[in-house]
Amino acid sequence: MSVIRPSPIPIPRCRSQVLHRRLYSIQLIQRRRRRWNPRSEVEDTAIESTARSPEAAGGKMVVELVGAFNEVTERMNSVWLSTSSSRLLFKALKLSIPILQSLPLASDGRSPLSKALSLSIILADLQMDAEVISASILSEVVDANAISIYEVRDQIGTGTAHLLHEIFRVKNIPFKVDVLDDETAASLRKFYLTYYDIRAVIMDLVSKLDEMRHLDHLPRYRQQILSLEVLKIYSPLAHAVGANHLSLELEDISFRYLFPCSYIYLDSWLRGHENGSKPLIDVYKEQLHRSLKDDLVLAEMVDDVYIKGRYKSRYSMMKKLLRDGRKPEEVNDVLGLRVILMPNSVVNDVEVGEKACYRTSEIIRSLWKEIPHRTKDYIARPKENGYRSLHMAVDVSDSDQIRPLMEIQIRTMDMDGSANAGTASHSLYKGGLTDPKEAKRLKAIMMAAADLAAIRLKDISSNKHQSFKTTTNQRDRVFCLLDKNGDGMISIEELMEVMEELGAPGEDAEEMMQLLDSNSDGSLSSDEFDTFQKQVEFMRKWEDRDNEYKSLLDEKLHDLPHQDTTGLIQLYNKELEDRLSTH
């Protein structure tokens, strides 16, 4: 019997538009259910204050501006969050938000604002600087012909305008070839890495990842064409610039669309080893971290311990199965942990670090069964390129269930730094630069570009404005940006100026001031504005939870015949009602 995928349940496309709908749903359900539910103080304040949230367009835009800025900056490395970079990102959001909200929905059903924020969050997770993130947001505006690059140059800055120019140049490269074979793909990757701003290349990779995450609206043949393009060009390119997690996700999504049956086979096998809601790799990661922290001998050798965990990608696993003729349970590195030790600051920290690595291996043997022939000691016998680390494979199966083998790498912080430096050049080599000297030269250019961006966005000392470096609360950054005269209060004039910059009537500021000014002194203190930001954060997290729940529901609906979906949809609506009433 054929399986028909029902249409996905529609959800609101823009966060600022759902704010009042959420409030209405809460009030309606609470009138129907008069039962007591304990809530946190923040949630109570959020719900009660949202009941008085501004209906005017200006107020809604300020809500979106504050929420978007905080969501992006909390993911960024504090190194990039100087006063200059915060102002740059804030200006880009003020310019973009009103334009993006006025544009029609994209072909995948998302609002342009939602798409722009998705790109910025991925870049923030990659620890890109504010100039790159600002350019990614503005690229959606420029791409819609709402403003020109020259206007961006005049209103935001030359550096951001240059990046926008580069990103539009980069986007045209794949359309210059007719046949995408291995040789052509390698030439294109080399062209990317040699002739374009590396930051624009990363922005293009992030844009491609966002596109691949939302392919369901396209016909089957288009999905496969794009997936093949990604597998040939973009995934190796992401590996070349050091964005390994991005590369692996691009590979897996492409694999899913090109070979759906093989993907489902491997995915089902891996999911079959999960136990409960927590991923298996996180369970072992926490178990090992706890054991290492509790060991008194190791505690005398190291100041801290870091552990990274990963699953082998579905695509990499399938390649290994085909190459070696193995079964899934015979692959040794389906699960992987990397233990990074920070030795105590003593005279001979190299020797202490080596002893700490061997002590860590002893603790691991006490937890799980070692596979002796898989152990490789690159500390005692380093590789020719200087790589040093201790590799182990362990059997984590228990009496109830057989688990895949897990590979563990143990190294010090210095060993890890040296390994990453060597990996960078090797990645460029694999990405398309066949000359190792050229790969090393490009690596130097990439590092210089990052240093230049850091210098340009570095704070310049000034007595007029409060420096963000003294700000301990992440939310205080927005307050400082709105408090333009630095007197510690947001006046009605400053709020009106922001409203006008967002393209809304300045009169909307009066309504918003009345709602937020709890002591009626005609201005907003940092405490009053912080309460407002907590409300915004609460509502955005609520929307994220609903989107996650909808995604899980869509996955279940995908595997059911059409006539069986009615009960699930009713269950979804009931559980959503219960969640609204309890929160």
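Residues numbered from 1 in each chain as written. Predicted model: local features only at pLDDT ≥ 70, side-chain atom pairs only at ≥ 80, totals over all residues. Heavy atoms only, no water.

**Q** Any chance you could break down the packing of helix α12 (residues 244-258) against helix α13 (residues 260-271) for me, citing the residues and the numbers?
**A** Relative orientation of the contacting elements α12 and α13 amounts to 120°, with a least axis distance of 5 Å. Considered as vectors, α12 and α13 are oriented oblique to each other. Each of Asp252, Phe255, Arg256, Tyr257 and Leu258 in α12 lies in contact with α13, whose residues at this interface are Pro260, Ser262, Tyr263 and Leu266. Taken together, the residues of the contact of α12 with α13 sort by class into six nonpolar, one polar and two charged. (Axes fitted to C-alpha atoms, helices over the stretch in contact; angles between N-to-C directions. Helix = DSSP H or I, 4+ residues; strand = E, 2+ residues; numbered from the N terminus. Parallel < 35°, antiparallel > 145°, perpendicular 65-115°, else oblique. Contact = heavy atoms within 4.5 Å. Nonpolar A, V, L, I, M, F, W, Y, C, P; charged D, E, K, R; others polar.)

**Q** Talk me through the packing of aromatic side chains; I want residue IDs and the actual numbers.
**A** In the structure shown here, the tally under the stated rule is six aromatic pairs. Relative to Tyr263, the ring of Phe255 lies with its centre 5.8 Å away and its plane at 70°, an arrangement referred to as edge-to-face. As far as burial versus exposure is concerned, Phe255 and Tyr263 are alike and both buried. Each residue in the set Phe255, Phe259, Tyr263 and Tyr315 is aromatic and connected to the rest through ring pairs, giving one cluster. The ring of Tyr257 has Arg256 lying over it, and the distance from NZ or CZ to the ring centre is 4.9 Å. Cation over ring: Lys383 sits above Tyr387, and NZ or CZ is 5.0 Å from the ring centre. (Phe/Tyr/Trp six-rings, centres within 6.5 Å; stacked < 30°, edge-to-face > 60°. Buried < 20%, exposed > 50% of the residue type's maximum accessible area, 1.4 Å probe, protein only. Lys NZ or Arg CZ within 6 Å of the ring centre and 35° of its normal.)

**Q** Report on empty space enclosed by the protein, specifying residues and quantitative values.
**A** Scanning all chains against the criterion turns up two cavities of 30 Å³ or more. The space that makes up the second largest cavity amounts to roughly 60 Å³. Those elements that place two or more of their residues in the lining of the second largest cavity are α5 (112-125), α6 (130-143) and α10 (198-212). (1 Å grid on protein atoms, 1.4 Å probe; cavity = no way out; pocket = protein on both sides within 12 Å on 5 of 7 lines; lining within 4 Å. Points joined across faces, edges and corners; volume = space filled by probe spheres on them.)

**Q** Account for the pattern of salt bridges, naming residues and giving values.
**A** The full count for this structure, using the stated rule, is 21 salt bridges. Among the salt bridges present, the one from Arg110 reaches Asp210, with a minimum N-O distance of 2.7 Å. Note that Arg110 is positioned in the loop between α4 (83-102) and α5 and Asp210 in helix α10, a separation of 100 residues in sequence. Residue classification places Arg110 among the buried positions, given a relative accessible area of 9%. Judged by relative accessible area, Asp210 falls into the buried class, the value being 1%. (Salt bridge = Lys/Arg side-chain N within 4 Å of Asp/Glu carboxyl O.)

**Q** Pulling in residues and values, what's your account of the pairing of strand β5 (residues 390-395)?
**A** For β5, the buried fraction is high: five of the six residues fall into the buried class. Bridge count for strand β3 (residues 369-370) against β5 is two bridges, and the pairing is antiparallel. Paired with Lys369 across the strands is Asp395, a residue of β5. Direction of pairing for strand β4 (residues 376-377) relative to β5: antiparallel, over a ladder of two bridges. (Pairing = 2+ DSSP bridges.)

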